[in-house]
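The lines below spell out each chain.
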Amino acid sequence: MKKTWSIALAIGVLGAGALAGVPAGASPAGTPPGAVHWGPCPADATAPGLECSTIKVPLDYRNPGGTQIDLAISRLASKNPAQRRGVLLTNPGGPSSGLKFPTELVTAKLPQSVLDSYDLIGFDPRGIGHSTPVTCDLTAEQQAVGNVPPYARNAADVAMRADQSKAIAQQCATSKTASMLPFFSTAAVARDMDRIRAALGEEKTSFAGYSWGTYLGAVYTTLFPERSDRILLDSNLHATGWDFANDRLFAQGMDDRFPDFAKFAAAQDSTYHLGSTPALVTAKYFELAARLDKTPAQDVDGPTFRMLTYGFLFNDVAMPLVAKVWQALDTGRPLPQLPGGGAPSDVDNLISGRYYLVCNDSQWPRSVGTYQAAVALDRLRHPMFGAAGANVQPCAFWSKPAEPPVRVGDRGPSNVLMLQNLRDPATPLAGALQMRRALGDRARMVIVDAGGHGVYPYVANPCADAAATAFLTTGQRPEHDLTCAAKSR
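Keep in mind that this is a model prediction, so the values were computed, not measured.

### A word on the state of the cysteines
Here's step 1: Taken as a whole and assessed by the stated rule, the structure comprises four disulfides.
Here's step 2: Residue pairing for Cys359: its cysteine sulfur links by disulfide to Cys395, the two sulfurs lying 2.0 Å apart. Handedness of the Cys359-Cys395 disulfide follows from its S-S torsion of about -70 degrees: it is left-handed. Placement of Cys359 in the loop between α13 (347-358) and α14 (368-381) and of Cys395 in the loop between α15 (386-389) and β7 (416-423) is noted, with a sequence separation of 36 residues between them. Residues Cys359 and Cys395 agree in their burial class; the two are buried.
Here's step 3: A sulfur-sulfur separation of 2.0 Å characterises the disulfide bridge that pairs Cys463 with Cys484.

### Regarding the pairing of strand β2 (residues 68-76)
Here's step 1: Where strand β1 (residues 50-58) lies against β2, nine bridges are found, and the strand directions are antiparallel. Opposite Lys56, over in β2, you have Asp70 as the bridge partner.
Here's step 2: Of the pairings in the sheet, the one linking β2 to strand β4 (residues 118-123) comprises four bridges and is antiparallel in character. By the bridge assignment for β4, Arg75 is matched with Ile121.

### Remarks on the environment of Arg444
Here's step 1: You can see Arg444 is positioned in strand β8 (residues 443-451).
Here's step 2: Taking relative accessible area as the criterion, Arg444 reaches 14% and is therefore assigned buried.
Here's step 3: Arg444 sits 38 residues away from Leu482 along the chain, and the two C-alpha atoms are 8.0 Å apart.
Here's step 4: Excluding residues that lie within four positions of it along the chain, Arg444 makes contacts with Ser414, Val416, Leu417, Met418, Arg436, Arg477, Pro478, Glu479, His480 and Asp481.
Here's step 5: Only 3.0 Å separates the side chain of Arg444 from the backbone oxygen of Glu479, close enough to count as a polar contact.

### A word on the confidence of the model for the protein
Here's step 1: Per-residue pLDDT for the protein has a mean of 91; in total, 92% of the residues score no lower than 70.
Here's step 2: Low pLDDT, under 50, characterises residues 1-28; the predicted model gives this stretch 80 contacts beyond four residues in sequence or across chains.

### With respect to the pattern of salt bridges
If charged atoms from side chains of opposite charge come close, those side chains can pair.
Here's step 1: By the definition in use, this model includes 24 salt bridges.
Here's step 2: In this structure, the salt-bridge partner of Arg227 is Glu226, at a minimum N-O distance of 3.6 Å.
Here's step 3: Take Glu226: its relative accessible area is 41%, and that puts it in the partly exposed class.
Here's step 4: If you follow the salt bridges from partner to partner, you end up with Arg257, Asp260, Asp316, Arg423 and Asp449 in one network.

### Details of the environment of Gly86
Here's step 1: Locating Gly86 in the fold gives a position in strand β3 (residues 86-91).
Here's step 2: Accessibility expressed as a relative area gives 5% for Gly86, which makes it buried.
Here's step 3: Separated by 32 residues in the primary sequence, Gly86 and Tyr118 place their C-alpha atoms 5.2 Å from one another.
Here's step 4: When near neighbours in sequence (up to four residues on either side) are disregarded, Gly86 contacts Ser117, Tyr118, Asp119 and Glu202.

### Examining the packing of aromatic side chains
Here's step 1: This model, assessed by the stated rule, comprises 19 aromatic pairs.
Here's step 2: Between Tyr310 and Phe385 the ring centres are 4.4 Å apart and the planes differ by 20 degrees, which places this aromatic pair in the stacked class. Taken together, the positions of Tyr310 in helix α11 (residues 302-311) and Phe385 in the loop between α14 and α15 put the pair 75 residues apart, joining distant regions of the chain. Neither residue differs from the other here; Tyr310 and Phe385 are each classed as buried.
Here's step 3: Within the aromatic cluster, the residues linked to one another by ring pairs are Phe258, Phe261, Phe264, Tyr272, Tyr285, Phe286, Phe305 and Trp326.
Here's step 4: A cation over an aromatic ring shows up here: Arg126 above the ring of Phe184, its NZ or CZ 5.3 Å from the ring centre.
Here's step 5: Its end group placed over the ring of Tyr151, Arg306 keeps NZ or CZ at 3.9 Å from the ring centre.

How each quantity is defined
- Residue numbering note: each chain is counted from 1, following its sequence as written.
- Reporting in this predicted model follows two pLDDT cut-offs: at least 70 for local features of residues, and 80 or more for side-chain atom pairs to be given and counted; totals over whole chains, interfaces and linings ignore these cut-offs and use all residues.
- Only hydrogens and water are removed before side-chain values are computed, so all heavy atoms of the structure are retained for them.
- What counts as a disulfide here is a pair of cysteine sulfur atoms lying within 2.5 Å.
- Only DSSP runs of H or I covering at least 4 residues are called helices, and only runs of E covering at least 2 are called strands; the numbering of each starts at the N terminus.
- In this scheme, a residue with accessible area under 20% of its type's maximum is buried, one over 50% is exposed, and one in between is partly exposed, where area comes from a 1.4 Å probe on protein chains only.
- By definition, two strands form a pair when at least two bridges between them are found by DSSP.
- Residues count as neighbours in contact if any of their non-hydrogen atoms are within 4.5 Å of one another.
- Identification of polar contacts relies on pairs of N or O atoms within 3.5 Å, with a donor-acceptor requirement for protein atoms, meaning one able to donate a hydrogen and the other able to accept it, and with residues adjacent in sequence counted only if both atoms are side-chain atoms.
- pLDDT measures how confident the predictor is about each residue, on a scale from 0 to 100.
- A pair is scored as a salt bridge if a Lys or Arg side-chain nitrogen falls within 4 Å of a carboxyl oxygen belonging to Asp or Glu.
- When two rings of Phe, Tyr or Trp (its six-membered ring) have centres within 6.5 Å they constitute a pair, described as stacked for plane angles under 30 degrees, edge-to-face for angles over 60, and tilted for the intermediate range.
- Here, over-ring charges are defined by two tests on the NZ atom of lysine or the CZ atom of arginine: distance to the ring centre within 6 Å, and angle to the ring normal within 35 degrees.

See below:
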């Protein structure tokens, strides 16, 4: 069970201007405007109404006329020409494939008024999926570690994870696609987005990004403020992106979110027998973790138990599954069937692509001792999950990127709406508030009294949905930051 994709994928969350020599108004050297030819989508992205195409973008934006790579894009066209106002680029986070995301938003009940107002555009970020792919030649064991490093029980666990991370970084740096590695970053994806806009013949683009996609949207509107129409950021990363500081916020996310599960399990004590009060359920968490640290059961050890609990609290519907897993581990009963569908056909590409993009965004601490100290501190500050988020990632052993990171700032039009659940385990409120401060008067923020990862339209909170729909269809935002009460049940 420790190696099952259902655990690994459940957790898989997750220069302030154009480069010198590439002026903001420069015409694209890749696919020219109007040259997008829509056709059928790949088999794994086929959905009703969805069309796909491929455009060319520069590998290295410092040399826009040089090597070009493929970027797979999709379109769910508005069926109301009279109401259509432009394109809405979308990104589901990850970083992961977004080719099918427009239709996934439809399934999640994105309002018809939004579907009428825009052609919804999806895309696979460079390196991932049907865009020019990258690899780190990851083994099955390396692929099973998602976006969050494993919980470290002690300094020796950190050292072991450091050795594993160093091996992954070396594999990425010596793989058959390593020559492309310096030119992958969130900033490069943002520039790719502007090439999509230009290829579609649009003067401006609107954008809806989730999780990592919020950082992508913030970087895009920092690099291209004059081409940004309406920018919706849902479930927000730290303003410095997915760096070590952001990783350490996973611990706060668990602290914020776990009380929701504790209340659920306590209310269902007659079914699950995990504790009749939230305090007793919380005590059961620590009891099970300590027991499994000493003696794993059914191939589940303490770190896996903590990771599984964290990963399946991203939405409310998985709470009964978490409770059943706990009950099985507590009583020795067989584990329940975990969700097995939805795994990508090429997990190596997905995880490798994430490393290529994220690790080039910032400088991570390189000293193993730094991580050992952080793990020890965060275990005390956040005993539920602190020793996971503070653990080592392959980014710690990355080569120097081709460009410095983009500094998200407050220069540009006031056209950003941020949505944020109060108790988000993956992108907690603490990080979102930091992003809000960085954007300044460019942004307004809607905080929803809800738990889980993803707000619009996933939580179905009338207050937040109304604010987001009004923004996308009319451009109107709340005059001030807004807090939405929990929806009535």
